[in-house]
Amino acid sequence: MILRTATPGDINALKELYYGTITSINIKDYNPEQIKAWAATAERTESLLRKINEQYFYIAETADKTITGFASLETSGYLDMMYVHKGFQGQGIATQLLKKIIETATTLGIQTIESEVSITAKPFFEKHHFIAVQQQVVVINNMQLTNYKMLLAL
Ligand SMILES: CC(C)(COP(=O)(O)OP(=O)(O)OC[C@H]1O[C@@H](n2cnc3c(N)ncnc32)[C@H](O)[C@@H]1OP(=O)(O)O)[C@@H](O)C(=O)NCCC(=O)NCCS
């Protein structure tokens, strides 16, 4: 697996991966209306482009350039995105992406990584020593979704 920095040219592949993962992986933890509202944010091209341009935004891909996952970190220490392709779950891809995010955060002198993670992703982050500090409800396209604020002290 190859890790590289995302570029604006990746945007369509990233949107497709994001939509596919939410509608087939997160569906086990959220109801269909919540999934529809969340997956619809895949259409926010400007927002994704801004993240690619402004965040430390990493992509995992295979040797034949299939994108298998992506993750991003703000300079503040906020881990924003973490999505693995629906066909590549459970193969250690998020673990590799998180390792890269932690390396970047360490280089930047960040002391705590903060994230807001889905019910689906919480066990993954707990396995990697994040602590859930708050269960919260977020509103996405007028639907309420539960997630967890989680912290990792570096
Ligand atoms: C959460 C997610 C990123 C994990 O990606 P992944 O590449 O499958 O994770 P890894 O293969 O690196 O998993 C590492 C470990 O965490 C465990 N793990 C991952 N997801 C888990 C889950 N839902 N429940 C329990 N354990 C889980 C794995 O079993 C693995 O443990 P092991 O090494 O002992 O086998 C992925 O499931 C995903 O894309 N989820 C949907 C998107 C999402 O909710 N993202 C967060 C948005 S806020």
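Here the structure is shown first, and the text comes after it.
Draft legend 1. Local environment of the pairing of strand β3 (residues 67-73). Most of β3 is tucked away, with six of its seven residues classed as buried. Direction of pairing for strand β2 (residues 56-61) relative to β3: antiparallel, over a ladder of six bridges. Within β3, the residue paired with tyrosine 56 across the bridge is leucine 73. Here four bridges tie β3 to strand β4 (residues 78-84), and the two strands are oriented antiparallel to one another. The residue of β4 that forms the bridge with phenylalanine 70 is tyrosine 83. Between β3 and β4, which pair antiparallel one after the other, the connecting turn spans four residues, and glycine 77 there sits at a positive phi close to 100°.

Draft legend 2. Representation of the site of the ligand. Of all residues adjacent to the ligand, which total 20 residues, the nearest are Ala94, Thr95, Ser118, Ala121 and Pro123. Elements that contribute at least two residues to the shell around the ligand include exactly β4, α4 (93-108), β5 (112-118) and α5 (122-127).

Draft legend 3. Layout of the packing of helix α1 (residues 11-24) against helix α3 (residues 45-54). For the pair α1 and α3, interaxial distance at closest approach is 11 Å and the crossing angle is 110°. In terms of their interaxial angle, α1 and α3 are classed as roughly perpendicular. Note on packing geometry: the crossing formed by α1 with α3 is right-handed. Counted together, Ile11, Leu14 and Lys15 of α1 and Thr45, Leu48 and Leu49 of α3 form the full contact between these two elements.

So, how was this worked out
- Residues numbered from 1 in each chain as written.
- Predicted model: local features only at pLDDT ≥ 70, side-chain atom pairs only at ≥ 80, totals over all residues.
- Buried ≥ 20, exposed ≤ 12 C-beta atoms within 10 Å, placed from the backbone.
- Helix = DSSP H or I, 4+ residues; strand = E, 2+ residues; numbered from the N terminus.
- Pairing = 2+ DSSP bridges.
- Near = placed C-beta within 6 Å.
- Axes fitted to C-alpha atoms, helices over the stretch in contact; angles between N-to-C directions.
- Parallel < 35°, antiparallel > 145°, perpendicular 65-115°, else oblique.
- Left-handed = near helix turned anticlockwise from the far one by under 90°.
- Contact = placed C-beta atoms within 7 Å.

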